[in-house]
Amino acid sequence: TIPFDTTTISNKDTGMFYNPYMLIYKGTGDLDPNLQYNINVNNTATGKKVTASTRLIEDFIISKPPSGGKASFRRGFTTLFSWGNAANAKRYEPMIRFYYSEIASGSTDTVAKFIDWVLPTQTADDISGEGNQEIDVSNDGFYDFIANNVKPADFFGKRLCGTVDFIVAAGGEEYDTYLRVNGPSNSLVQDRPEYTNVENGFGLMSSRYNTSKNRRLHPDCEDEIILLDIGFVTNPEL
């Protein structure tokens, strides 16, 4: 049993529930991927009982790029990004996180930063965990993303390249269904049924799991980033 306690969030987006302040219930605990988890809400004022359940997503690994070596992102080519499917996962949201640091002119302080390049979502045929997913990442697109998202472009100082993370966030089948039901529709019929997997209530209970692989940059990749002319210089510790 994992008890939940109350806390208030102050930055909630607009939507069905109150914003920007909203009372929520939060709990932490060690989760076993072999178990099914149930949530039980008892309204002591009305006697209403609300329940929902989900399976946890099991561990999975990123197979490509392989371990070892450095990320080169050679222009004119693509980088294969692939991973094995996870049991109980339906939706996969991959991204590449680029780490860098800034040292402003006249300062000795190094400020660590990163930007996330979100890649197209992938969907498994089922939640058995069989098979794999893969996408071809445009190496030229990687440099375009850095050029367009490292701000400000007229930064006064020097920037140093760091490493890159290949990250995959896996979501459960309920989460995938929820997003599909509530996503943009090409139909003339705009009224769609609300999706919920909560019994005697409304909402969504699902699970997610993140995995990542860190890679150092090849010197040729660092040279290409320096050529973008947005303040990057050679990092002697890369």
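Right, let's walk through the structure included here. (Residues numbered from 1 in each chain as written. Predicted model: local features only at pLDDT ≥ 70, side-chain atom pairs only at ≥ 80, totals over all residues. Heavy atoms only, no water.)

### Brief notes about the packing of aromatic side chains
Turning to step 1, where the next piece is worked out: This model, assessed by the stated rule, comprises 15 aromatic pairs.
Turning to step 2, where the next piece is worked out: With a centroid separation of 5.9 Å and 55° between ring planes, the pair formed by Tyr99 and Phe114 is classed as tilted. With Tyr99 in strand E8 (residues 89-104) and Phe114 in strand E9 (residues 111-118), the pair connects residues that are 15 residues apart, well separated along the chain.
Turning to step 3, where the next piece is worked out: For Tyr99, a relative accessible area of 26% puts it in the partly exposed group.
Turning to step 4, where the next piece is worked out: Taken together, a centroid distance of 5.8 Å and an interplanar angle of 65° make the contact between Tyr100 and Phe232 edge-to-face. Residue Tyr100 is located in strand E8, and its partner Phe232 is located in strand E14 (residues 232-233); the two are separated by 132 residues in the primary sequence. (Phe/Tyr/Trp six-rings, centres within 6.5 Å; stacked < 30°, edge-to-face > 60°. Helix = DSSP H or I, 4+ residues; strand = E, 2+ residues; numbered from the N terminus. Buried < 20%, exposed > 50% of the residue type's maximum accessible area, 1.4 Å probe, protein only.)

### Remarks on unusual backbone geometry
A negative phi angle characterises most non-glycine residues, just as the trans form characterises most peptide bonds.
Turning to step 1, where the next piece is worked out: Looking along the chain, the bond that leaves Lys64 and enters Pro65 is cis, with omega of 5°.
Turning to step 2, where the next piece is worked out: Following the sequence through the fold, Pro65 ends up in the loop between strand E5 (62-64) and strand E6 (70-71).
Turning to step 3, where the next piece is worked out: Each neighbour pair has its own omega, and for Lys151 with Pro152 the value is -10°, a cis peptide bond.
Turning to step 4, where the next piece is worked out: Position of Pro152 among the secondary structure elements: in the loop between helix H1 (139-149) and strand E12 (157-172).
Turning to step 5, where the next piece is worked out: Located in the positive-phi region is Asp229, a residue other than glycine, with phi close to 60°.

### Description of the nonpolar core
Inside soluble globular proteins, nonpolar side chains tend to come together where they are buried.
Turning to step 1, where the next piece is worked out: In this structure, Phe98, Phe142 and Ile225 are the most contacted members of the largest nonpolar core, which totals 34 residues.
Turning to step 2, where the next piece is worked out: Sorting the residues of this core by element identifies strand E7 (78-84), E8, E9, strand E11 (132-138), H1, E12 and helix H3 (219-226) as the ones contributing at least two each.
Turning to step 3, where the next piece is worked out: Discounting chain neighbours no more than four positions away, the residues touching Ile225 are Phe98, Phe142, Tyr143, Ile146, Cys161, Leu217 and Phe232.
Turning to step 4, where the next piece is worked out: In this structure, Tyr37, Val50, Leu56 and Val198 belong to the second largest nonpolar core, which totals six residues. (Core = buried A, V, L, I, M, F, W, Y, C linked by side-chain atoms within 4.5 Å. Contact = heavy atoms within 4.5 Å.)

### Some thoughts on a nonpolar patch on the surface
Turning to step 1, where the next piece is worked out: Residues Phe4, Leu23, Tyr25, Ile39 and Val41 make up a contiguous nonpolar surface patch of roughly 480 Å² in combined accessible area.
Turning to step 2, where the next piece is worked out: Contributions of two or more residues to the nonpolar patch are made by strand E2 (22-26) and strand E3 (36-42).
Turning to step 3, where the next piece is worked out: You can see Phe4 is positioned in the segment before strand E1 (5-9).
Turning to step 4, where the next piece is worked out: Accessibility expressed as a relative area gives 47% for Phe4, which makes it partly exposed. (Patch = residues over 30% accessible without salt bridge, like charges linked within 9 Å, V, L, I, M, F, W, Y side chains within 5 Å. Areas by Shrake-Rupley, 256 points an atom, 1.4 Å probe, with all protein chains shown as cover. Salt bridge = Lys/Arg side-chain N within 4 Å of Asp/Glu carboxyl O.)

### Brief notes about a negative patch on the surface
Turning to step 1, where the next piece is worked out: A cluster of acidic residues, Asp125, Asp126, Glu130 and Glu173, forms a negative patch at the surface.
Turning to step 2, where the next piece is worked out: Structurally, Asp125 is set in the loop between strand E10 (122-123) and E11. (Lys, Arg positive; Asp, Glu negative; His and termini not counted. Charge placed at Lys NZ, Arg CZ, Asp CG, Glu CD.)

### Comments concerning the environment of Ile57
Turning to step 1, where the next piece is worked out: Structurally, the position occupied by Ile57 is in the loop between strand E4 (49-55) and E5.
Turning to step 2, where the next piece is worked out: The class of Ile57 is buried, set by a relative accessible area of 4%.
Turning to step 3, where the next piece is worked out: Sequence-wise, Ile57 and Thr7 are 50 residues apart; in three dimensions their C-alpha atoms are separated by 27 Å.
Turning to step 4, where the next piece is worked out: Setting aside residues no more than four positions away along its own chain, Ile57 makes contact with Ala86, Ala87, Asn88, Ala89, Ala170, Gly171, Gly172, Ser207, Arg208 and Tyr209.

### Quick word on the pattern of salt bridges
Any two side chains of opposite charge can pair, on the condition that their charged atoms come close.
Turning to step 1, where the next piece is worked out: Overall, the coordinates contain eight salt bridges when judged by the stated rule.
Turning to step 2, where the next piece is worked out: Arg75 is the partner of Asp140 in a salt bridge, and the nearest nitrogen-oxygen pair spans 3.4 Å. In this pair, Asp140 is assigned in helix H1 and Arg75 in the loop between E6 and E7, connecting sequence segments 65 residues apart.
Turning to step 3, where the next piece is worked out: When its relative accessible area of 30% is taken as the criterion, Asp140 is described as partly exposed.
Turning to step 4, where the next piece is worked out: Looking at Arg75, the relative accessible area reads 34%, which means it is partly exposed.
Turning to step 5, where the next piece is worked out: The salt bridge partner of Glu102 is Lys113, with a shortest N-O separation of 2.9 Å.

### Observations concerning the pairing of E7
Turning to step 1, where the next piece is worked out: Strand direction decides the pairing type here: E5 and E7, joined by two bridges, are antiparallel. Bridging across to E7, Lys64 finds its partner in Ser82.
Turning to step 2, where the next piece is worked out: The pairing of E7 with E11 spans seven bridges and is classified as antiparallel. Considered in E11, the bridge of Leu80 is made with Asp136. (Pairing = 2+ DSSP bridges.)

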